[in-house]
Every structure is written in C-alpha cells, then in structure tokens.
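Listed below are the residues making up each chain.
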Amino acid sequence: MGLGAICVGAFALRLVYVLVLRRGATLTGDAFQFHNGANLLADGQGFIDPFAHSFGLLRQTAQHPPLYLLVLALVSKLGLRSVLDHQVWSCVIGTGTVALVGVAGRQIGGKRLGLIAAGLAAVYPNLWMWDGLVLSETLGLFVTALIIVMAYRLWERKTVGAAALLGVACGLGALTRAEVALFLPAIVVPLVVAARDLDLKRRIQVLVVPALVAVAIMAPWVAFNSSRFHHPPLGTSTEFAQTLVLANCDRTYYGDSLGSRAYSCLPGTDTPPPAGSDETDSAGLYRKVAIDYVRDHAARVPFVVLAREGRAWGVYRPFEQLRAETYLERRDLGVARAGYAFYVALVVASVVGAVMLRRRGVPLSPLLAVAATVALAIAITFGQTRYRSAAEIVLVLLSSVTIEYLVAWCLAYEPEEEP
C-alpha cells in the first residue's frame, strides 16, 4: 500500500515535470536518435540512422544498444509517436524504477527502509530528469535497479534459478547500455566467494549459469549486427571506437576539455564517408588513432583519468560541467542544479549508510560493484554526469540506510521531563 502510494506520487511528479518544463522541447543528439529511431523501427524500417534518414539515406546503425529503442517503438506501434508520448512512456518506466528501488531497499533492510528508498527515488531529480529528455538513462536506471534486486535475491537464496534471473537482468542491461555487461562478473564473483555454505558444484553453477543466460540474451543482437555491418562490432554497440578517439586528443588532455570529449578530435570529419561504407569501417582507424595517442602521452593519462572521474562525480568544474551538459542535451539548468545539491547530500549520507550496512552483515558487494563498474567505464571513456547514472541508485539505497536509522532514533527518543 505504501509503496503503491509512493509510485503514484512519483509518476505525478514526473508527469508535471514533462508537461510544465519539457513539453514542446526540441530533441537533439542521442534523444533525437532514440525518438525518431523508434518511430522508424515501428514503421518497419529497421535500425537505421535517423540523421541520415532526414537526408533521404537508409544507413544501418547500432550506435546505441537496442532495448530503449525497442521499448519506445512498442508504444510508437500503438500510435503513440509524438515526443510527448515518448516522454510520458518514459515516466512510466521511471516509476517502475522507483518500485524496484523500494523492493531493493526492503531486501537489504526491511519494509521501512524500502519505503524510504522508494521515497528518495521518487523525488531525486537525477533520477526523474531523464524521463523528460528521452534518453536511455531512463531504462538504464530501471535495469540497474532490477540487477540489484536480483543480486540480493541470489545472495538470499543461492539457487541456480536466482543466478539465472540475475543473468537475465544483466543481459537486458547490456542491451540498454553496453558497459552494464561488466556488472555481471563484478557482482557474481564476490557473492560466490563470500558464500561459505556452497559446495564446489553449486559455486560453479552460480558462476556459469548467469553468464550463459546473459550471453544468450545478447547473442541475437550481436549476430544481427555481424550480419549487417562490414566488421563485427565490439559488444552491443558500434560507438566505442568513436568514443575513444573523442576522448583522447590534445583538447581533452591539455585543453579546455580536459577529461571530457571533443568532436574536433574526430579524424575525417572534413570529408564525407565513402559510398557503401558503414559505421564499422572507420572503427579500426579510430581505435588506432586513440591508442597511438594514449601511448604517446602516457605520462598525462593519470591526470586525464582523474579529470574524467572528477567531471562525472561532480568534484572537478562541476558547475561548468552542468552548464555544458545543459546546452548539449537541452537540460533544464535549474533542475540540474537541484539534482547536484541533492547528489552532494546523498554522497555524504551514503558513506554513513555503507558503514552501517556493513555492520549489519549485509553484503555491500552488489552496490559497490555497480559503482566500481561505472567508475571504470568513465576512466576508459570520458567524464559526464550521464555516465554515473547507474550509481545514483546505489546512492539512494545507501542514503536510505542512514535516513532509516535517523528516523528510528527520533521515534525512540523521549526527551527528559523538566523538574
């Protein structure tokens, strides 16, 4: 009952945000691709580049994993094709994230903690802002919360069925954001190592089964991409090589974009791609350019990685980063600033919550695995706050432990009577 009421409030808040601040917004960049790509997919055009299509070209694309496109295409197929339709549908997904966070909170600390976690997730701007932006972070947050729920289910039950469900969640996650594939080993291995009551056979099963299930879920998409591109893409998207070259050049190592990305670093932007080429034809060149640059500037890499992490986690030029992302992604600066203030408070509360959860004997490894994987992905690519979105779920859950303790202390506290 309580979780349902919170979810209703969460949906209402997201809907107000969309109708008041985001209605009629112009979509650019990734949001343009998701919205228009979903409509093209619903029309039977397949996974093609919406930008190229606007110039009358049918160009195959896998710049993004497919699941968010598929989820949007589902409602497009039902006739809900406008930007507002996709925003409202994303609000529904975001509300589902709130429900899953509540379930995860209940798993690690009981019913009251679950309600507090859901309440935080309902109002935290860094969770609901994505719904109005039509970006894959909306679905990424949902699958991250699902992965955490399944991870704690595996910790509680240690069955092959629970391991398989975690594999399903991680496979779906990798089809939403490519780096989520790394969640699986980061979560499963520590849980298996810490499970002293498992025999060798069950340990092997719990390690192997989720990996096989996740691979089985990703395999059709990977095979499909191998059949339609000249070169098999690495992982679930074709974007990694381009991301590498955007993040490793003079501007991002020494210039004003230190730790970020710069499209001026992309080779060949002054000439159109050759006729008949596809997204994978330039991947080899991009990887070589990026790797050669990293080798030639190896002494600078530690400083660049620190800057990347600093930008993503809000400690290096945070307000400059917020303004830049507001411009590039058409965010609302007021919402972004509110999200940053909320984020800082959650970081502080999370440190306390992690210590308390550890003392209770609840494993931190599923939560730390998510945060560590996010940090690794940022270190390899570049710094922006979007890339830390999965870790926002971790902050909400750990902060809820602290808040739950404070609530319990206040309820139990009785002031002394004056003489």
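Preceding this section is the structure that the text describes.
Residues numbered from 1 in each chain as written. Predicted model: local features only at pLDDT ≥ 70, side-chain atom pairs only at ≥ 80, totals over all residues. Heavy atoms only, no water.

## Thoughts on the overall build of the protein
Threshold: Counting from the N terminus, the helices are DSSP H or I runs at least four residues long and the strands are E runs at least two residues long. Throughout, exposure labels follow a simple rule: accessible area from a 1.4 Å probe, protein chains only, divided by the maximum for the residue type, with under 20% read as buried, over 50% as exposed, and the rest as partly exposed. In what follows, residue pairs with any heavy atoms lying within 4.5 Å of each other are defined as contacts. Exposure was quantified through the Shrake-Rupley algorithm and a 1.4 Å probe, taking into account, for residues, occlusion by the shown protein chains and nothing else.
Looking only at helices and strands, one finds 19 helices and zero strands in the protein. In terms of principal-axis extent, the alpha carbons of the protein reach across some 85 × 55 × 50 Å. The burial tally for the protein puts 51% of its 419 residues in the buried class. In the protein, the share of contacts with a sequence separation of at least 24, taken over all contacts with a separation of at least 6, comes to 75%. Of the roughly 19,000 Å² that the protein leaves accessible, carbon and sulfur atoms contribute 66%.

## Brief notes about helix H9 (residues 160–174)
Our working rule: To estimate the expected span of a helix, subtract one from its residue number and multiply by 1.5 Å.
A rise of 1.5 Å per residue sets the reference length of H9, with its 15 residues, at 21 Å; its end C-alpha atoms lie 21 Å apart and thus fit the reference within 8%. For H9, the full list of buried residues reads Ala 162, Ala 163, Leu 166, Gly 167, Ala 169, Cys 170, Gly 171, Gly 173 and Ala 174. Check the buried side of H9 and you find it contacts helix H8 (137–157), helix H10 (183–194) and helix H11 (200–228).

## Considering the packing of aromatic side chains
For any pair of aromatic rings, geometry is given as the distance between the ring centres together with the angle between the planes. The cut-off we apply is this: Two aromatic rings, drawn from Phe, Tyr or Trp (for Trp, its six-membered ring), form a pair once their centres lie within 6.5 Å of each other, and the interplanar angle then sorts them: stacked below 30 degrees, edge-to-face above 60, tilted otherwise. For a lysine, the NZ atom is tested; for an arginine, the CZ atom; a charge sits over a ring if that atom is within 6 Å of the ring centre and within 35 degrees of the ring normal.
One pass over the structure, following the stated rule, counts 13 aromatic pairs. Summarising the aromatic geometry, the rings of Phe 32 and Phe 51 are spaced 4.7 Å apart at their centres and angled 20 degrees between planes, so their arrangement reads as stacked. Here Phe 32, found in helix H2 (residues 29–42), pairs with Phe 51, found in helix H3 (residues 50–53); they are 19 residues apart in sequence, far enough to count as distant. Every member of this aromatic cluster is reached through a ring pair, and the members are Phe 47, Trp 221 and Phe 224. The ring of Tyr 327 has Arg 330 lying over it, and the distance from NZ or CZ to the ring centre is 5.6 Å. Positioned above the aromatic ring of Tyr 343, the side-chain terminus of Arg 388 is 3.7 Å from the ring centre.

## Points about the state of the cysteines
Between two cysteines, a covalent bond joining their sulfur atoms is known as a disulfide. To keep things clear, this is the line we draw: In plain terms, two cysteine sulfur atoms within 2.5 Å form what is called a disulfide here.
The tally for this structure, following the rule as stated, stands at one disulfide. Put simply, Cys 249 and Cys 265 are joined by a disulfide, and their sulfur atoms are 1.7 Å apart. Taking the torsion about the sulfur-sulfur bond, which here is approximately 50 degrees, the covalent link between Cys 249 and Cys 265 counts as right-handed. Of this pair, Cys 249 sits in the loop between helix H12 (240–247) and helix H13 (250–253) while Cys 265 sits in the loop between H13 and helix H14 (283–296); the two residues are 16 residues apart in sequence, bridging distant segments of the chain. In terms of burial, Cys 249 and Cys 265 fall into one category: buried. The structure places no disulfide on Cys 91, whose sulfur is separated from the nearest cysteine sulfur, that of Cys 7, by 13 Å. Exposure remark for Cys 91: the relative accessible area of 0% places this residue in the buried category.

## Quick word on the packing of helix H1 (residues 2–22) against helix H7 (residues 125–133)
Note the threshold: Whenever a helix is involved, its axis is fitted only over the stretch in contact; in every case the axis is a line through C-alpha atoms, and angles between N-to-C directions fall within 0 to 180 degrees. Each angle is binned into one of four classes, with values under 35 degrees roughly parallel, values over 145 roughly antiparallel, values of 65 to 115 roughly perpendicular, and all other values oblique. A crossing counts as left-handed when the near helix is turned anticlockwise from the far one by less than a right angle, and as right-handed when that turn is clockwise. For this classification, Asp, Glu, Lys and Arg are treated as charged, while Ala, Val, Leu, Ile, Met, Phe, Trp, Tyr, Cys and Pro are nonpolar and the rest, including Gly, are polar.
Where H1 contacts H7, the two axes come as close as 9 Å, and the packing angle between them is 50 degrees. Classified by the angle between their axes, H1 and H7 sit oblique to one another. Read as a crossing pair, H1 and H7 show a hand that is right-handed. Two secondary-structure elements touch here, H1 through Leu 13, Arg 14, Tyr 17, Val 18 and Arg 22 and H7 through Leu 127, Trp 128, Met 129, Asp 131, Gly 132 and Leu 133. Looking at the contact of H1 with H7, its residues break down into seven nonpolar, one polar and three charged.

## Description of helix H15 (residues 301–312)
Owing to its 3.6 residues per turn, the α-helix aligns residues three or four sequence positions apart on the same side. The end-to-end C-alpha distance of H15, which contains 12 residues, comes to 17 Å, matching closely the 16 Å that a straight helix rising 1.5 Å per residue would cover. For H15, the set of buried residues is Val 304, Ala 307, Arg 308, Glu 309, Gly 310, Arg 311 and Ala 312. Tucked into the core, H15 has its buried residues touching H12, H13, helix H16 (318–329) and helix H18 (365–380). Once H15 finishes, Gly 314 follows within two positions and takes phi at roughly 75 degrees, a positive value.

## A look at a nonpolar patch on the surface
Definition in use: Patch membership is restricted to residues that have no salt bridge and whose relative accessible area is over 30%. Joining uses 9 Å for like charges and 5 Å for the nonpolar side chains Val, Leu, Ile, Met, Phe, Trp and Tyr. Salt-bridge detection follows one rule: a side-chain nitrogen of Lys or Arg within 4 Å of a carboxyl oxygen of Asp or Glu.
A cluster of nonpolar side chains, contributed by Val 189, Val 193, Leu 200, Ile 204, Leu 207, Val 208 and Leu 212, occupies part of the molecular surface with about 650 Å² of accessible area. Elements that contribute at least two residues to the nonpolar patch include exactly H10 and H11. For the nonpolar patch, the element with the most residues is H11, which contributes five residues. Along the chain, Val 208 falls in helix H11.

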